[in-house]
Amino acid sequence: MASESAESDSIFRADLLRGQVALITGGGSGIGLGVSELLASLGAHVVIASRKPEHFETARDALLAKGLSVSSVALDVRDQERVRAVVDDVAQTHGRLDLLVNNAAGNFYAPSATLSPNAWKAVLEIDLYGTFHCSQAVYQTMKSQGGGRIISTSMTLHYRGWPQMAHATAAKAGVDALTRTLAVEWAPDRIRVNAIAPGPIPTEGVRKAFTPPAESGIPDVFAAATERMESYARDRIPLGRWGTPRDIANMVAYLASPAGDWITGAIFVVDGGEWLAKG
Ligand code: COA
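The present account deals with the structure reproduced in this document. Treat the numbers as computed from the prediction; the structure is a model and nothing was measured.

## Some remarks on the packing of aromatic side chains
Piece 1. Under the counting rule described, the total for this entry stands at 3 aromatic pairs.
Piece 2. A ring pair is formed by Tyr-139 and Trp-186, whose centres lie 4.7 Å apart and whose planes are at 35°; its orientation type is tilted. Here Trp-186 lies in helix 5 (residues 166-186) and Tyr-139 lies in helix 4 (residues 117-144), a separation of 47 residues in the sequence. In this pair, the class of Tyr-139 matches that of Trp-186, namely buried.
Piece 3. Between the aromatic rings of Tyr-159 and Trp-275, the centroid separation amounts to 4.8 Å while the plane-to-plane angle is 75°, which identifies the pairing as edge-to-face. With Tyr-159 in the loop between strand 5 (148-153) and helix 5 and Trp-275 in helix 9 (residues 274-277), this residue pair connects regions lying 116 residues apart in the sequence.
Piece 4. Judged by its relative accessible area of 28%, Tyr-159 is partly exposed.
Piece 5. Classification of Trp-275 as partly exposed rests on a relative accessible area of 22%.
Piece 6. Its guanidinium or amino end placed over the ring of Trp-162, Lys-278 lies 4.3 Å from that ring's centre, counting from NZ or CZ.

So, in structure tokens, the structure goes:
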């Protein structure tokens, strides 16, 4: 299976996360797979949780074949009871749970005027409710073991207005608020809560989610990327290149490591400067 997180080497010490257990929602494809692979390669046991067996089983088998310590479980983060059962099972099986990465997301372009109640609900429930369900579920285990880390996926589109993304931008603004509030509320339990806002990373899932309808008039950055990858990055992304899953995974590893010990409630933009330069 071709991993979109390509590189197997890492700037981090190989045993940086040895003995730790990480639960990664949406960890079987795209950016999530890059995170799963890096954390496992740094010694963590990684539990990949996702909705689709073709994602979590394939990813698990590919990482196992590389000699990494990985397991997988079916999970829809919208289902609060199932989230609790999965978290309890991970904690019981491994005796601990050190890191939760709230990576699962569902986004698409759709005009606000005609967005159906179910479409609004689907995105809010995956991106925002799912992040809360998982964060709440890991709290007791992390508290009992003396601490833990929660890292959620945000975005930059809500820093300004972004047409046809009312549902996703509202959800991710909520993720930012949740991150800051949980960080303060759970700091006494030594649970650090942070978020990462990725820039454009052309994985298959992101391309699918962020390809605007032709009639919307919204620029299709990924079509532009296909046609003239290098010049688009040079013109629109100050650091001159597209992102990779590894760019996000590196920030997750940093925050998960002792280097992040005094960091909580922070939202890190990892986007090559893209949103600041956006016209
Ligand atoms: N435009 C408008 N409405 C859409 C839509 C789109 N592109 N995609 C889904 N919807 C609507 C559906 O029509 C449905 O509403 P309805 O019942 O009123 O018709 C509602 O959203 C739920 O869709 P459904 O496909 O039944 O839900 P799901 O839970 O299976 O799908 C989604 C989840 C909606 C997030 C789906 O887009 C998805 O799985 N996306 C891929 C993953 C992804 O986005 N990853 C993010 C990478 S950044």
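There's more to say after this.
## Section: the sheet that holds strand 4 (residues 99-102)
Piece 1. Pairing is parallel in the open sheet, where 7 strands are placed in the order 3-2-1-4-5-6-7. The open sheet terminates on both sides in strands that have one partner only, identified here as strand 3 (70-74) and strand 7 (267-270). The sheet shows a mean angle of 20° between the axes of neighbouring strands, direction not considered.
Piece 2. For strand 6 (residues 191-198) and strand 7, the ladder comprises 4 bridges, and the chain directions are parallel.

Conventions adopted
Residues numbered from 1 in each chain as written. Predicted model: local features only at pLDDT ≥ 70, side-chain atom pairs only at ≥ 80, totals over all residues. Heavy atoms only, no water. Phe/Tyr/Trp six-rings, centres within 6.5 Å; stacked < 30°, edge-to-face > 60°. Helix = DSSP H or I, 4+ residues; strand = E, 2+ residues; numbered from the N terminus. Buried < 20%, exposed > 50% of the residue type's maximum accessible area, 1.4 Å probe, protein only. Lys NZ or Arg CZ within 6 Å of the ring centre and 35° of its normal. Pairing = 2+ DSSP bridges. Axes fitted to C-alpha atoms, helices over the stretch in contact; angles between N-to-C directions.

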